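Report on the structure
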Number of protein chains: 6
Amino acid sequence: MTEQQSGIGKTALQLVLANSHEIKEAEEKVQATSYRYCLGKTGSMELQKVVSAIETAAKRNGLVDDQLYREMHALYHAILEAVQGVTRGQVQLGDVMRTVGLRFSVVRGYPYPNSKEGEWIAVALYGTIGAPIKGLEHETSGLGINHI
Amino acid sequence: MTEQQSGIGKTALQLVLANSHEIKEAEEKVQATSYRYCLGKTGSMELQKVVSAIETAAKRNGLVDDQLYREMHALYHAILEAVQGVTRGQVQLGDVMRTVGLRFSVVRGYPYPNSKEGEWIAVALYGTIGAPIKGLEHETSGLGINHI
Amino acid sequence: MTEQQSGIGKTALQLVLANSHEIKEAEEKVQATSYRYCLGKTGSMELQKVVSAIETAAKRNGLVDDQLYREMHALYHAILEAVQGVTRGQVQLGDVMRTVGLRFSVVRGYPYPNSKEGEWIAVALYGTIGAPIKGLEHETSGLGINHI
Amino acid sequence: MTEQQSGIGKTALQLVLANSHEIKEAEEKVQATSYRYCLGKTGSMELQKVVSAIETAAKRNGLVDDQLYREMHALYHAILEAVQGVTRGQVQLGDVMRTVGLRFSVVRGYPYPNSKEGEWIAVALYGTIGAPIKGLEHETSGLGINHI
Amino acid sequence: MTEQQSGIGKTALQLVLANSHEIKEAEEKVQATSYRYCLGKTGSMELQKVVSAIETAAKRNGLVDDQLYREMHALYHAILEAVQGVTRGQVQLGDVMRTVGLRFSVVRGYPYPNSKEGEWIAVALYGTIGAPIKGLEHETSGLGINHI
Amino acid sequence: MTEQQSGIGKTALQLVLANSHEIKEAEEKVQATSYRYCLGKTGSMELQKVVSAIETAAKRNGLVDDQLYREMHALYHAILEAVQGVTRGQVQLGDVMRTVGLRFSVVRGYPYPNSKEGEWIAVALYGTIGAPIKGLEHETSGLGINHI
Ligand SMILES: [Mg+2]
Ligand SMILES: [Mg+2]
Ligand SMILES: [Mg+2]
Ligand SMILES: [Mg+2]
Ligand SMILES: [Mg+2]
Ligand SMILES: [Mg+2]
């Protein structure tokens, strides 16, 4: 990676880890790079709503072209990989009686010095997972990366 | 969580994400909390070396009592959960022709305001995963959390 | 395998891979063997509908005796194994926001020269998997084999 | 383990394996130990109902304190581990067209001679799994153990 | 199941759960049924040694005919299903730094009143799993069942 | 897909399914398309040898540029997906006492009418899986597809 630019995955993780008072600084840091990104929140017992929320945000913010399956395919697999970090074993939420509250980021750009490596996409997740009862939860995180 | 203290998982992730010039600040931030922690590096095509490196570091730094299975059991499952974020699907490295280079952190403490919730342990991983050829790799991360 | 007869799995795969103008030839080829078979189509975001469609077709076509759990058990595990080829990692469809359109075949017979090896059953799947939006999909396939 | 006391996992398994005429003897055997336990039945095509039935029984019988996430977390992971023995591969029921009828036990206590090892919890499951048609089913079992 | 005969899975589990002073009684109980069985012990960090030990014992005791793939296939999948109860998530031992010490039983016979259901095979496992250090381990169990 | 050209996945599957007397015809059929491909054989109890054999063949035949991680990454994930169809559940061979003998194909090209969808890669596997004893095996197959 170039010296002036963090990895695309680290960038994505730092965006979801930033507290409310750190988020402005974190966003400015990314804006100084060549990466494009979006940020959002999602919470559900239904995994498909989590997948869908991230896909929708990435499309609306122009991070992926929803007319190109190639781009949606890259994003989809990056999301699924990130979700595996969150669910750690069974890619399931409500079916095993648990729910998530997550912040997500999607970052797109050129993470390798060799421009022929082209664009890649990173999806980061951070939040809580636990029983569908307030407080019965612990933190969780995931990172998925794919070429696009 | 108390207002003055980040989650135990976020703390663990920030430690592994810190660059060399950020690490001092990241460590001071943790030292200002009631959490105890250790940091290390490990790289291998053999998953058991990764597990072992984290266990050894946690024992040497007094984060777990290796005479108590209870503590080793809590740590072990936290490690395995973190590894699932890194491997995303198959908890395997060399068997599927890939290798990792990881920074790891182990953080222990009281993450909940209610002291009866007792101590918890977080294991965070961040680094690269890829073919056993320099440069053919992308970033990866994982977080595991358990009561101890 | 005998020289005059392909493997039961290859037979099942060739049936689902045949285009509309090849299907007659493919079926005649199987009819010249001692294998019995059925063919069908199924498409859904619900995995249980896929499982159910194959079970129903196999029962209706007399490939399995639905009064014998032994036979249903053999078929069920063959279906699940074939589905794992289709889903590659998480045996899930709608829960991870994807849908399938599949052709399936079930083939039953004696694939080994030694008649004591008895009957076996093969389930083959071929079609598309992807987002629930026309065109955002790629091909997928699976094969399950069991003794019956 | 002490000589007079079986393992906590064996105890949990023996409770779910006892026939109606053996159950009294099995319960008396546990009552002679320092373990606390509860027993129940659950049957469903929905995995979350199975998880929920065990959690509810454990809470009602005072085996876990539902005001402490620490205890619910220990129980939850023990349940999930037991469920993996029952489902063997995909932690799913109705999604893959199958249903369970299970007896469950939850046992809590000190299984190790060293009292510093503290309390542990075991969840045992035994019953049938199969198609949602009476008789098309075989036995299944699972055991999950965690420190609490 | 007939009234005089327990399920084949329960029979297999009771054999591995019996203590040294109970084993004679447990064996006599099975000998009064039409089931055939064998018992053994295996311990390893290598999963393939566990699989191999059970296969060898079943062959030597005439529970399966090793000249018939059909029988070895039925046994193999029953073993793998039982192992999934033992490993709960990743079918791995040494790769994730853990070892097992197990008792195993293989039981073969007619578990259903309808003789057309034919013979089935059950594999039960019970013992300990944990770090490769004496005492750092907890109990584990698994049950696999297949038609043969 | 264009009318004159089969899907990239079907093409890959037909190449590995062709018998020795059918292979010439199957190859000619692919050569009439715009797809590029290679064919090979691999057999092992070590999964990494299977992965490695396919990667090496794809590199040597110029199907992927081994100086571009982007291409190796696309190929790698396609291989892993194909392997999941072959292993159906645990991505393991020798560790669970089984071996494979496989034919593989790698096909690269433009499978979608819209040229903006760019190139994709398909990996197909077909052969046998079973005990490391001649004859104790059944057929197996897998298909992985990725954008490149
Ligand atoms: Mg990757
Ligand atoms: Mg947890
Ligand atoms: Mg098989
Ligand atoms: Mg454990
Ligand atoms: Mg079964
Ligand atoms: Mg895909």
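Each residue is numbered by its place in its chain's sequence as written, counting from 1. By the order in which they are written, chains take letters starting at A while ligands take numbers starting at 1. For this predicted model, a pLDDT threshold of at least 70 governs which residues receive local features, and a threshold of 80 or more governs which side-chain atom pairs are given and counted, while totals over whole chains, interfaces and linings are taken from all residues. Note: side-chain values were computed over all heavy atoms of the structure, leaving out hydrogens and water.

Facing 16 residues of chain C, the contacting portion of chain D comprises 13 residues. The contact between chain C and chain D buries some 1200 Å² in all, and 54% of this surface belongs to carbon and sulfur atoms. Buried area is understood as the total, over both parts, of accessible area removed when two parts are fitted together, assessed with a 1.4 Å probe. Broken down residue by residue, the surface that chain C buries against chain D is led by C:Gln48, C:Tyr69 and C:Tyr76, which jointly contribute 45%. Throughout this description, the term salt bridge denotes a Lys or Arg side-chain nitrogen within 4 Å of a carboxyl oxygen of Asp or Glu. Taken together, the connections running from chain C to chain D amount to zero salt bridges. Residues adjacent in sequence count toward polar contacts only when both atoms are side-chain atoms; beyond that, a polar contact is any pair of N or O atoms within 3.5 Å, and within protein one must be able to donate a hydrogen and the other to accept it. Taken together, the connections running from chain C to chain D amount to seven residue pairs in polar contact (both at pLDDT 80 or more). Segments assigned H or I by DSSP are reported as helices when at least four residues long, segments assigned E as strands when at least two residues long, and all are numbered from the N terminus. For the side of chain C that touches chain D, the secondary structure elements donating two or more residues are helix H3 (47-60) and helix H4 (69-87) of chain C. When residues of the side of chain C that touches chain D are assigned to their parent elements, the largest contribution, seven residues, is made by H4(C). Here, two residues are considered to be in contact whenever any of their heavy atoms come within 4.5 Å of each other.

We now examine the coordination of the magnesium ion (ligand 6). Sodium, potassium and calcium take a 3.2 Å donor cutoff, other metals 2.8 Å, and in both cases only N, O and S atoms count; water is not among them, so sites may look incomplete. Bound to the magnesium ion (ligand 6) on the protein side are A:His73 (NE2), A:His77 (NE2) and C:His138 (NE2), at distances that span 2.2 Å. You can see A:His77 sitting in helix H4 (residues 69-87) and its partner C:His138 sitting in strand S4 (residues 137-147), one on each of two chains. Only protein chains enter the accessibility calculation, which uses a 1.4 Å probe; a residue is then buried when its area is under 20% of its type maximum, exposed when over 50%, and partly exposed in between. The class of A:His77 is buried, set by a relative accessible area of 17%. For C:His138, a relative accessible area of 5% corresponds to the buried category.

Let us look at the relation of the copies chain B and chain A. Both copies of the chain are placed relative to one another by a rotation about an axis and a shift along it. The transformation that overlays chain B on chain A combines an axial shift of 0.0 Å with a rotation of 180°, and the residual RMSD is 0.0 Å. The superposition of one copy onto the other is thereby described by a two-fold rotation axis. Taking C-alpha positions as the reference, the residue of chain B nearest the rotation axis is B:Gly85, at 1.8 Å. Comparing interface residues between copies, 100% of those in chain B also lie at the interface in chain A; the contact surface is shared. Least-squares superposition aligns the copies on the C-alpha atoms of those residues with pLDDT at or above 70 in both.

Once that is clear, we can look at the relation of the copies chain C and chain D. Note on the identical chains: chain C maps onto chain D by a rotation of 120° and an axial translation of 0.0 Å, with an RMSD of 0.0 Å. Considering both components of the superposition, the chain copies are consistent with a three-fold axis. Identified as the residue of chain C closest to the rotation axis by C-alpha distance is C:Gln90, at 4.7 Å. Taken as a fraction of all interface residues of chain C, those also at the interface in chain D reach only 12%, which identifies the copy contact as different-surface.

Quick look at the nonpolar core now. Generally speaking, soluble globular proteins have nonpolar side chains that are buried together. Residues enter a nonpolar core if they are buried and are Ala, Val, Leu, Ile, Met, Phe, Trp, Tyr or Cys, with the set joined through side-chain atoms within 4.5 Å. Counting 110 residues, the largest nonpolar core has A:Leu75, A:Val106, E:Leu75 and E:Val106 as its most contacted members. Residues within four places of E:Leu75 in sequence aside, it is in contact with E:Glu55, E:Ala58, E:Val64, E:Val106, E:Ile121 and E:Val123.

To continue, consider the environment of B:Asn19. Considering the arrangement of structural elements, one finds B:Asn19 in the loop between helix H1 (8-17) and helix H2 (23-31). Relative accessible area serves as the criterion here: at 23%, B:Asn19 is assigned to the partly exposed category. When the C-alpha positions of B:Asn19 and B:Gly118 are compared, they lie 31 Å apart, and in sequence the two are 99 residues distant. When near neighbours in sequence (up to four residues on either side) are disregarded, B:Asn19 contacts A:Ser6 and A:Lys10.

Attention now moves to the environment of B:Ala74. Along the chain, the position of B:Ala74 falls in helix H4 (residues 69-87). Note: C-alpha distance between B:Ala74 and B:Asn146 (72 residues apart in sequence) is 6.0 Å.

Moving on to the environment of F:Val96. Position of F:Val96 among the secondary structure elements: in the loop between helix H4 (69-87) and strand S2 (99-109). Take F:Val96: its relative accessible area is 0%, and that puts it in the buried class. Note: C-alpha distance between F:Val96 and F:Ala53 (43 residues apart in sequence) is 21 Å. Setting aside residues no more than four positions away along its own chain, F:Val96 makes contact with E:Leu47, E:Val51, E:Tyr76, E:Leu80 and E:Val91.

So, on to the sheet that holds strand S3 (residues 120-130) of chain D. Only strands joined by at least two bridges in the DSSP assignment are considered to pair. The strand order S1-S2-S3-S4 (chain D) describes an open sheet built from four strands, whose pairing is antiparallel. Only two strands of the sheet have a single partner each, and these edge strands are strand S1 (36-44) and strand S4 (137-147) of chain D. The average angle at which neighbouring strand axes cross in this sheet is 15°, direction not considered. Each axis is a line fitted through C-alpha atoms, taken for helices only over the stretch in contact, and angles between the N-to-C directions span 0 to 180 degrees. On the sheet, H4(C) packs against S3 and S4 of chain D and is oriented at approximately 50° with respect to S4(D).

Residue-level confidence of the predictor is what pLDDT reports, using numbers from 0 through 100. Per-residue pLDDT for chain A has a mean of 95; in total, 97% of the residues score no lower than 70. As scored by the predictor, the complex reaches a pTM of 0.97 and an ipTM of 0.97.

Each pair of aromatic rings is reported with the distance of its centres and the angle of its planes. Geometry of aromatic contacts follows a simple scheme: Phe, Tyr and Trp rings, the Trp one being its six-membered ring, pair when their centres are within 6.5 Å, and the pair is stacked under 30 degrees between planes, edge-to-face over 60, tilted otherwise. For the structure shown, the criterion picks out 18 aromatic pairs over all chains. Three or more aromatic residues joined by ring pairs make a cluster, and in this case those are A:Tyr69, F:Tyr112 and F:Trp120.

With that out of the way, let us pick up the pattern of salt bridges. Pairs may arise between side chains of opposite charge once their charged atoms sit close together. Enumeration according to the criterion identifies 41 salt bridges over all chains in this entry. A salt bridge links A:Glu22 to B:Lys29; the nearest nitrogen and oxygen atoms lie 3.6 Å apart. Of this pair, A:Glu22 sits in the loop between helix H1 (8-17) and helix H2 (23-31) while B:Lys29 sits in helix H2, each in a different chain. Residue classification places B:Lys29 among the partly exposed residues on the basis of a relative accessible area of 43%.

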